[in-house]
Amino acid sequence: MFSLKNQLELRKVTISSLLTCIYLPSIVTVVSFKGLLYSVGNGSSFYILVLIFLAELLKSFYLNASNDIQAKRSKGNRIKVSDILRSFIFLLVTLFSFFIGIMLFGAPILDCHEETLMLSSLMTLLTVFPLIAHSGVEASMQQLFGMKNYGRDSITEMLVNNSIMTVCGAWIGAVVIPLDWNTPWQQWPIPCYLGAISGYLLSNVLTVFKVILMSAAQKYPVINFIVNFLNTRHHVK
Amino acid sequence: MNEKWNFTIYLVWFSYLILSAALMFGRGFLLSRKTLNDITDCEPLENFGCDGYSKSNLSDVCNEEEKIRRILANPGSEIACAPTRQRVVFILVDALRYDFTEYIPDLENPLPYQNRLTIINELLEKWPKRTRLFRFMADPPTTTQQRVKALVTGSLPTFIDASSNFAALELQEDNAIDQIVRASGKIVLLGDDTWARLIPGRWLRSHTMYSFHTWDLDTVDTEIDSKIYKELEKDDWDLLVAHYLGVDHAGHRYGPNHAEMTRKLDETNNRLKKIIKMLPPDVLLFVVGDHGMTETGDHGGESKAERTAAFFAYRGSGFGGDSDSIKTGKEVQQTDLAPTLCAALGRPPPAPCLGNLLLPVLPPLPMSHTLLHLSNNLKQIKQYLIRYGEESQQIPLDRLAQLINATREQIDKAATIETESELSIYVTDVRALIDNTRSLFRDVWVEFDSLYMMRALLLLLIAIFFNCLIAEGLPMDRIPQIFSSSFIVSGIIALTVCVTMCYTAFYLDLIEDLEHAILLSTGLISGVVICALVILHWNSITQRWYETPLLFYERFARAALIGSAVLLVSNSYIIEEGVCLSFLTLSVLATIVWHIRTIKAVALWACSGVVLAVSRSYRGCREEQGDCWTQGGGVNSADPASRAALVLALGSVAAIVAVARRHIGWRGHGVVVCGLFTCAHWAVGWGNLGSPSRSRLLARGAWLVIGCIFVLLWREDGRGAILPLTVCGLMFYIGNSLVLGVAYAPTAALALLSGILVLYIVSTMKNEGSTKFALSTRCSSSVACLWALMASYYFYGTGHHATLGHLRWAPAFHAGDPTYLPIGHEITAALVTLELFGMPLMFGAALPLLVLWGPGSAAVGPRSQLTGVFVLSLKFTICFAIRVFISALSATIHCRHLMIWGVFTPKLLFECGACLAAFVGTILGLSLTTWHLSTQQRQS
């Protein structure tokens, strides 16, 4: 649940979500116009991951950088090499556990490793990476597993919501795979890949929508009802 | 404390409600064809006068040709017997697929079944006039008994017959055999006793043998061979029926790609050579297959390979038929055989027949005779259309009237045919008309009794809905009180009154269908009683719902269960159900683990994921799964188990017995003996060196020990219910491994393992709150849904598929052939059922462990424990009931679907079977718990 107390945070949340709502659909649109949408499972589509990586990195810079007042006080704004190394290892571990988890859920075990790897790296990129970039390894682990309400600001809240929705999107994407329609987009891992992206996108759209509604609710208290409803729905826990 | 049994009684009551509704649905859904007792009869030509009327007073003398012309010109006349009669040798080679008979020249590496029946090709090339080879298309279901029925009646079989394959009933309808007997024809029968059971007492001589010893490739065939040549020399018969089983049994046991199949086909080849050599030139020889087989050698479904049988005909002095219709490999329908056989023997087609005459396999006939046969065929069909319209409203009247008129027109036209070219056009027209009629009936015979189906769905819905309210709504602490009140007693009294009233009404002839009345009234009255209970306690139910908000994993588990049921509406999900169920199970487990959030829980989750992933390799595939099927994923029943499989099976049983025996006290010895017997049974029976008889003896020993332990489970030792329940689960595990056989035995171990893992996860779930809270957590719906999903998954995990073709009969014979015993059929049925639904049974029996397992459970009293077990059992069975309900609903929705018989109906049947097994297992588990918990209380 977002609070209206910290206007600055709220603005950052809104802007970063809006940015996501712009850059992610544009990537998908360009890729699909190029006719490459159905090759997202191949290693050749690695550039999509790189693009998303860069975008998320820029976003996290934006989210962290203007967080002057608090961030400077808590820890130095300097990025250490050891931090980066640790985050990198942590990302690799997450990637591997996603890889194994997806296989356990039913992905082919003996073949299609490339496709599964692409999917798991996408999911790592969309779920854990923004969290780490925002709040470091330990804090993000604590956010994900364990103490629920520890130092949770609106930004972290949004990021956790995003990652949950991404996983849900990938989960729901798997629904179309068994259907016997024989379409090219039912190939592993395209539905899960696109599902993860759309889950992420949907989460961002919801965030923007919620913030707009909340600011509107200040003027028109009737809307509070919808906000509360959205809060209970969106915040899956 | 006799009220404690009230829980068990209630569960039995609930299971009765669900199963009776399912039975009622089956009666409306699976019965589809109305059988008429009409017979066709014909007047001999001598009885006709020259004006074409039978018993006419005209005393003119005219020749046969003129007489037939007159009869044809008079469309209202009776059916006249054809004047010529042939003798026919009818050889049925069970499962003779068309490509067994095909000869492909220059084939470099022929498969074991290719190019084996060389005699057919030789004859085709040498004497094209004397031989015919057609594709003989069977209608599903392609099981032997249905095919024999269809062959002799010329009609289409219904699905319900498929399930009564082991208890053949006498054929009630008019058929070719009866037709021939009625004209005092003599018939000799050799071979499969299905014929003798279907049509008893019509045979001049019959030498039949029991046909379901599917592992015995030769006895029936050699028995026929010892008789058939002598019979061929005699001439006191008109029809000789010989039914060879070897090819079918070779297919069942080894599959078509095996040297045994080559041997059986070579034998058939030599046999045919010899028969054709001995055959008098004017005798017709029909060699047909009743169905084909899949690449694993099974049959029963509706795939092309199962439906395409071969039809080979030979006559020393040649056949008729024009050039177009005699092409080798043309498709003819199996319904065409009955009228053709009858025509060859000078009889009209049997009354329910919907087939065409096959002129190309009849001797050359003069045109008037051909026309007479054709008009007989049309008249019989017209008669059938009229009678069927009178007896049943299945077919819309306008379509029926249209068909009758078209048939009349064709009958009228028969008199105007003069030249050969006109005749051939006429034959084509008649064929098109009859095909049209046949396809109309085929559509309509998938016609259901919608009233029965709707009532059954309503009863299911009532039972499930109110029991959901009871299981979910009633507060846990009030349940013992409610169930020890007069509720159960009044329910039983209501049911008794109902049944008595139904009997009285039946006795007074007020109602006709007793069974239906009892099912309907008891279902409704139970609904009313349970509804009354819900209304009485509505306050506490709403209060409980208000007070306890649902956690996310609770909601998710319910949604997953409902989702798994809703998936049964789509054929592609049914085909891939194994994948879907494992996906959902793992997801539910993941949300529970997410809720617990400990490293141990995550590790347990990963382990169960790995177990599920390993069981994936045992999940074969069905025919609809194209890629997997063509890669040979379906071919596993045919080959004997490999050495690695034996080692795995022995290792799994040994490991589980070794680990388990330490923890279950004195019962451990029984488990060890049982496991030893099982391992010895496999080891001794393995490979070519093994001794099958000793192996069977050992299997019987294992079953004896299992039975003894089941009896000993009821010995009270005052140490609670956990040990007996564990032993019960282990016994089911060993029983399952026995019937699954060497190749699939490790899957039972996997199922047991994942059950134990889930047990641990659930007991972790409990530890975080206070004891009272823990009890309600442990018997929450999410646990029940998870357990039900797992039990359903392991139907697939043990290598089954929801198709009739995947039924494995081998388990019925692993401990010797039970068919010689007086209760042989029951044993066969029980073993096959255990093999299919052993997993729901095992999970159902182990269900109380979910509540009782772990150290904390002793903190609550036995009374609350029992209540918890009851609530969980009820929820678990409701899960299965929901699945049955949805699959019945989807069968109703899809009753005109292309895949209704291939996908949805088998799924419904298997779902009902799983539900039954779950009920039996749960009731067993609950009563064991009740039995043992009471002891504890008496002591305390």
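Cut-offs and rules
What you see as residue numbers is a count from 1 along each chain, following the sequence as written. Chain A is the first chain written and ligand 1 is the first ligand written, with later ones labelled in order. Local features in this predicted model are restricted to residues whose pLDDT is 70 or higher, and side-chain atom pairs enter the listing and the counts only when it is 80 or higher, whereas totals over whole chains, interfaces and linings include all residues. The basis for every side-chain value is the complete set of non-hydrogen atoms in the structure, without hydrogens or water. Secondary structure elements are defined from DSSP: runs of H or I of at least 4 residues count as helices, runs of E of at least 2 residues count as strands, and each element is numbered from the N terminus. Residues count as neighbours in contact if any of their non-hydrogen atoms are within 4.5 Å of one another. Note that accessible areas follow from Shrake-Rupley with a 1.4 Å probe, and for residues the cover is restricted to the protein chains shown. With a 1.4 Å probe rolled over the protein chains alone, any residue whose accessible area is under 20% of its type maximum counts as buried; one over 50% counts as exposed, and the rest are partly exposed. The sign given to each residue is positive for Lys and Arg and negative for Asp and Glu; His and the chain ends receive no count. Taken as the charge centre is NZ of Lys, CZ of Arg, CG of Asp or CD of Glu, depending on the residue. Values of pLDDT, the confidence the predictor places in each residue, fall between 0 and 100. Accessible surface is computed with a 1.4 Å probe, and the buried area is the amount of it that two parts give up when combined, taken over both parts together. Any Lys or Arg side-chain nitrogen located within 4 Å of an Asp or Glu carboxyl oxygen qualifies as a salt bridge. Note that Gly is not counted as nonpolar here; it falls among the polar residues with everything else outside the nonpolar set of Ala, Val, Leu, Ile, Met, Phe, Trp, Tyr, Cys and Pro and the charged set of Asp, Glu, Lys and Arg. Side-chain rings of Phe, Tyr and Trp, where Trp is taken by its six-membered ring, are said to pair if the distance between their centres is within 6.5 Å; with planes under 30 degrees apart they count as stacked, over 60 as edge-to-face, and otherwise as tilted. Lines fitted to the C-alpha atoms define the axes, with helices restricted to the stretch that makes contact. Angles between their N-to-C directions range from 0 to 180 degrees. Left-handed describes a crossing in which the near helix is turned anticlockwise from the far one by less than a right angle; the clockwise case is right-handed. Whether two strands pair comes down to DSSP finding at least two bridges between them. Each patch is assembled from residues with relative accessible area greater than 30% and no salt bridge, linking like charges that lie within 9 Å and nonpolar side chains (Val, Leu, Ile, Met, Phe, Trp, Tyr) that lie within 5 Å. By definition, disulfides here are pairs of cysteine sulfur atoms that lie within 2.5 Å.

Before going further, it helps to spend a moment on the overall build of chain A. A count of helices and strands for chain A gives 8 helices and 0 strands. Reading the secondary structure of chain A in the N-to-C direction produces α-α-α-α-α-α-α-α. Taking all contacts inside chain A whose residues are at least 6 apart in sequence as the whole, residues at least 24 apart take part in 75%. A total accessible area of about 12600 Å² is found for chain A, and carbon and sulfur atoms account for 71% of it.

Attention now moves to the overall build of chain B. Helices and strands together make up the secondary structure of chain B, namely 35 helices and 8 strands. Each of the three principal axes of chain B carries a C-alpha extent, and together these read 105 × 65 × 45 Å. Here chain B holds 940 residues, and the buried ones make up 60% of them. For chain B, the share of sequence-separated contacts (at least 6 apart) that also reach a separation of at least 24 residues comes to 79%. When the accessible surface of chain B is split by element, carbon and sulfur atoms take 61% of a total near 36400 Å². Computing the positive centroid from 78 side-chain charges and the negative centroid from 84, chain B places the two 9 Å apart.

Turning our attention to the confidence of the model for chain A. Predicted confidence across chain A gives a mean pLDDT of 83, with 86% of residues reaching 70 or more. Here helix α3 (residues 68–74) of chain A stands out as the element of chain A with the lowest mean pLDDT, 51, in contrast to helix α4 (residues 81–104) of chain A, whose mean of 91 is the highest.

Another point: the environment of Asn37 of chain B. As for its position among the elements, Asn37 of chain B is in the loop between α1 (5–30) and α2 (64–73). With relative accessibility at 59%, the residue Asn37 of chain B sits in the exposed group.

Further remarks concern the interface of chain B and chain A. Contacts between the two partners involve 22 residues from chain B and, on the opposite side, 21 residues from chain A. Both sides together, the interface formed by chain B and chain A hides about 1800 Å², and carbon and sulfur atoms give 68% of it. Among the residues of chain B in contact with chain A, Phe583, Arg597 and Arg616 of chain B are the three that bury the most area, contributing 33% of the side total. Here chain B and chain A share 0 salt bridges between them. Elements supplying a minimum of two residues to the side of chain B that touches chain A: α22 (552–566), α23 (571–575), α24 (577–596) and α25 (599–615) of chain B. The element contributing the most residues to the side of chain B that touches chain A is α24 of chain B, with 7 residues. A class-by-class count of the residues in the side of chain B that touches chain A yields 13 nonpolar, 5 polar and 4 charged.

This part is about the packing of aromatic side chains. All names here are of chain B. In total, this model carries 40 aromatic pairs over all chains according to the counting rule given. With 5.2 Å between their ring centres and 85 degrees between their planes, Phe795 and Tyr796 make a pair best called edge-to-face. By relative accessible area, which is 6% here, Phe795 ends up buried. A relative accessible area of 2% means that Tyr796 is categorised as buried.

The next thing to look at is the packing of α1 of chain B against helix α19 (residues 487–507) of chain B. Residues and elements named next belong to chain B. Running from N to C, α1 and α19 cross one another at 35 degrees; their axes reach a closest spacing of 10 Å. Remark: the crossing between α1 and α19 carries left-handed chirality. Within the contact between the two elements, α1 uses Asn6, Ile9, Tyr10 and Trp13 and α19 uses Phe487, Ile488, Gly491, Ile492 and Leu495. Taken together, the residues of the contact of α1 with α19 sort by class into 7 nonpolar, 2 polar and no charged.

Next up on the list: the sheet that holds strand β2 (residues 131–137) of chain B. Residue and element names in this part refer to chain B. The 8 strands lie next to each other as β4-β3-β5-β1-β6-β7-β2-β8, forming an open sheet whose pairing is mixed. Among the strands making up the open sheet, the edge pair consists of β4 (205–209) and β8 (331–333). Averaged over neighbouring strand pairs, the angle between their axes works out to 20 degrees when direction is ignored. Direction of pairing for β2 relative to β8: parallel, over a ladder of 3 bridges. Residue pairing across strands places Met137 opposite Gln333, the latter belonging to β8. Contacts from helix α4 (residues 118–126) reach β2 and β7 (308–315) within the one sheet, and its direction differs from that of β2 by about 125 degrees.

All names here are of chain B. Looking at chain B as a whole, the pLDDT averages 85, with 91% of positions reaching at least 70. Mean pLDDT across the elements of chain B ranges from a minimum in helix α6 (residues 160–163), with 46, to a maximum in helix α32 (residues 781–797), with 94. Below a pLDDT of 50 lies the segment residues 161–168, which in the model reaches 14 contacts outside its immediate sequence neighbourhood of four places, other chains included. In this model, residues 935–940 is a region of pLDDT below 50 whose contacts with residues beyond four sequence positions or in other chains number 7 contacts. We note a pTM of 0.76 for the whole complex and an ipTM of 0.90 for its interfaces.

A surface patch of nonpolar side chains, about 340 Å² in accessible area, is lined by Phe46, Val50, Phe53 and Leu54 of chain A. Tracing the sequence through the fold places Phe46 of chain A in helix α2 (residues 46–65).

Attention shifts here to the state of the cysteines. All names here are of chain B. Enumeration over the complete set of coordinates arrives at 1 disulfide over all chains. Not engaged in a disulfide, the cysteine Cys353 finds its nearest cysteine sulfur in Cys342; these two sulfurs lie 7.5 Å apart. Cysteine Cys679 remains unbridged, with the sulfur of Cys674 as its closest cysteine sulfur at 10.0 Å. Residue Cys679 is classed as buried on the basis of its relative accessible area of 15%.

Residues and elements named next belong to chain B. Along the chain, the position of Phe441 falls in helix α16 (residues 420–444). For Phe441, a relative accessible area of 0% corresponds to the buried category. Between the C-alpha atoms of Phe441 and Leu217, which are 224 residues apart in sequence, the distance is 37 Å. If we skip the residues at most four places from it in the chain, Phe441 touches Leu354, Tyr384, Leu385, Tyr388 and Ile395.

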